Amino acid sequence: MNPQKRQEIFSRLREHIKQPRSELEYHSNFELLISVLLSAQATDVSVNKATARLYPVANTPEQILALGEDGLREYIKTIGLFNSKAKNVIATCEILIARHNSEVPDDRAALEALPGVGRKTANVILNVAFGHPTIAVDTHIFRVSNRTGIAPGKDVFAVENKLLKFVPDEFKLDAHHWLILHGRYTCIARKPRCGSCIIEDLCEFKQKNID
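To keep things clear, this report deals only with the structure shown in the data block. (Residues numbered from 1 in each chain as written. Predicted model: local features only at pLDDT ≥ 70, side-chain atom pairs only at ≥ 80, totals over all residues. Heavy atoms only, no water.)

Remarks on the layout of surface pockets
For clarity, the threshold we go by: Any residue with an atom within 4 Å of a point lines the site, the site being either a cavity, points on a 1 Å grid over the protein atoms alone where a 1.4 Å probe fits but cannot get out, or a pocket, an open set with protein on both sides within 12 Å along at least 5 of 7 lines. Grid points are joined across faces, edges and corners, and a volume is the space filled by probe spheres set on the points. A helix here means a DSSP run of H or I that spans at least four residues, while a strand means a run of E at least two residues long, and both kinds are numbered starting from the N terminus. Note on residue categories: nonpolar means Ala, Val, Leu, Ile, Met, Phe, Trp, Tyr, Cys or Pro, charged means Asp, Glu, Lys or Arg, and polar means any other residue, Gly included.
The calculated volume of the largest pocket comes to roughly 730 Å³. Of all the secondary structure elements, the ones that give two or more residues to the lining of the largest pocket are α2 (29-38), α3 (44-54), α5 (82-99), α7 (119-129), α8 (139-148) and α10 (169-185). Examining the composition of the lining of the largest pocket, we find that six residues originate from one element, α10, more than from any other. Counted by class, the lining of the largest pocket contains 14 nonpolar, 14 polar and seven charged residues.

With respect to α10
In plain terms, the rule: Given a helix with a known number of residues, its expected span is that number minus one, times 1.5 Å. Throughout, the bend at a residue refers to the angle made by two axes, fitted to the seven residues ending there and to the seven starting there. Relative accessibility under 20% of the residue-type maximum defines a buried residue, over 50% an exposed one, and the middle range a partly exposed one, all with a 1.4 Å probe and only protein chains included. Should any heavy atoms of two residues lie within 4.5 Å, those residues are considered in contact.
A rise of 1.5 Å per residue sets the reference length of α10, with its 17 residues, at 24 Å; its end C-alpha atoms lie 25 Å apart and thus fit the reference within 8%. In α10, a bend of some 60° at Ala-175 exceeds every other bend along the element. If you check which residues of α10 are buried, you get Phe-171, Lys-172, Ala-175, His-176, His-177, Trp-178, Leu-179, Ile-180, Leu-181, His-182 and Gly-183. Buried residues in α10 make contact with α1 (3-16), α7, α8 and α9 (156-166).

Observations regarding the nonpolar core
Here is the rule we go by: Nonpolar core, defined: a set of buried Ala, Val, Leu, Ile, Met, Phe, Trp, Tyr and Cys residues in which side-chain atoms within 4.5 Å join the residues together.
Within the largest apolar cluster, 33 residues are counted, with the highest numbers of intra-cluster contacts made by Leu-33, Ile-34, Ile-64, Leu-72, Val-89 and Leu-111. Among the secondary structure elements, those contributing two or more residues to this core are α2, α3, α4 (61-76), α5 and α7. Those residues in contact with Leu-33 that sit more than four places away from it in its chain are Thr-92, Leu-96, Val-104, Leu-114, Val-117 and Ile-125.

As for empty space enclosed by the protein
What the rule picks out here adds up to one cavity of 30 Å³ or more. For the largest cavity, the calculated volume is near 90 Å³. Lining the largest cavity are 14 residues; nearest its centre among them are Cys-187, Pro-192, Cys-194, Cys-197 and Cys-203. For the lining of the largest cavity, the class distribution of residues is seven nonpolar, three polar and four charged.

Some points on the packing of α2 against α7
Helix packing geometry: the angle between the two helix axes and the distance between the axes. Formally: Every axis corresponds to a line fitted to the C-alpha atoms, with the helix fit spanning only the stretch in contact, and the corresponding angles, defined between N-to-C directions, vary from 0 to 180 degrees. Here the angle decides the label: under 35 degrees means roughly parallel, over 145 means roughly antiparallel, 65 to 115 means roughly perpendicular, and every other value means oblique. For any pair of crossing helices, the crossing counts as left-handed if the nearer helix is rotated counterclockwise from the farther one by less than a right angle, and right-handed if it is rotated clockwise.
Put simply, α2 and α7 touch, their axes get as near as 10 Å, and they point 150° apart. Considering their axes alone, α2 and α7 lie roughly antiparallel with respect to each other. The way α2 lies across α7 gives a crossing that is right-handed. Contacts between α2 and α7 involve Asn-29, Leu-32, Leu-33 and Val-36 on the former and, on the latter, Thr-121, Val-124, Ile-125, Val-128 and Ala-129. Within the contact of α2 with α7, the residues separate by chemical class into seven nonpolar, two polar and no charged.

Notes on the packing of aromatic side chains
We count it as follows: Stacked, tilted and edge-to-face are the three classes applied to pairs of Phe, Tyr and Trp rings, where Trp contributes its six-membered ring and a pair requires centres within 6.5 Å; stacked means planes under 30 degrees apart, edge-to-face means over 60, and tilted covers the rest. Counting as a charge over the ring demands two things of the Lys NZ or Arg CZ atom: a distance within 6 Å of the ring centre and an angle within 35 degrees of the ring normal.
Inspection of every chain in the model, using the stated rule, returns two aromatic pairs. Their ring planes at 25° and their centres at 5.8 Å tell us that Phe-10 and Phe-171 sit as a pair that is stacked. Of this pair, Phe-10 sits in helix α1 while Phe-171 is found in helix α10, placing the two residues 161 residues apart along the sequence. You can call Phe-10 buried: its relative accessible area is 0%. Taking the relative accessible area as the measure of exposure, Phe-171 reaches 1% and is therefore buried. Each ring, one from Phe-171 and one from Trp-178, has its centre 6.2 Å from the other, and the planes form 70°; the classification is edge-to-face. As far as the burial class goes, Phe-171 and Trp-178 line up, both buried. One aromatic cluster is present, built from ring pairs that chain together Phe-10, Phe-171 and Trp-178. Positioned over the ring face of Phe-166 is Arg-6, at 4.0 Å from the centre of the ring. Sitting above the plane of the Phe-205 ring, Arg-147 keeps its charged end 5.2 Å from the centroid.

Quick word on the pattern of salt bridges
Side-chain pairs of opposite charge can arise where the charged atoms are in close proximity. Here is the rule: Only one rule defines a salt bridge in this text: a Lys or Arg side-chain nitrogen within 4 Å of an Asp or Glu carboxyl oxygen.
Applying the stated criterion across every chain, the model contains 14 salt bridges. The salt bridge partner of Arg-12 is Asp-201, with a shortest N-O separation of 2.5 Å. You can see Arg-12 sitting in helix α1 and its partner Asp-201 sitting in the segment after α10, a full 189 residues away along the chain. The class for Arg-12 is partly exposed, based on a relative accessible area of 23%. Salt-bridge contacts for Arg-184 lead to Asp-44; the nearest nitrogen and oxygen are separated by 3.2 Å. With a gap of 140 residues between them, Arg-184 in helix α10 and Asp-44 in helix α3 connect regions that are remote in the sequence.

Following this line, the structure appears as structure tokens:
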């Protein structure tokens, strides 16, 4: 795919979604961090339902730590992998209090040192909370990048590196959201909605589904 196509693709995505944002519901950097931790292998809808009950009761490291693992599990038990997530969230709260004055750090190494936080989660926090031009590659972005030809790669790290190399600078801050929303609602896994896709004529997918 040439630079002109990528420029046009992201121009159209920007025009289509003028104010892209996460579909997770949060009101602070800490709430965002916890929601992203809970969202692994779970839908944003399921996380939002759980945190709508949790955050009015506990939305600081100290308050969630006070719940303990058992107390936290009662709020998040409808989310997949809730046992391990409860353990990681409590441990993360302990570290935030002890090392970061209860604040979410604006630093990749510090974020990735938190239990349950990998590169993808760190990229989300750096991008959404702190405005870094990072691109977190989840299953949707991996699929869209490979299927369209925007940034093909064999693994998420390869795709991330290609996106950072090929996405024009003016689009990097919001590229994560545009691509994830496009993958979630248009370029879906089993049967992509090519006929209603705003970038269908620019996409290099050879098996387009135009019903």
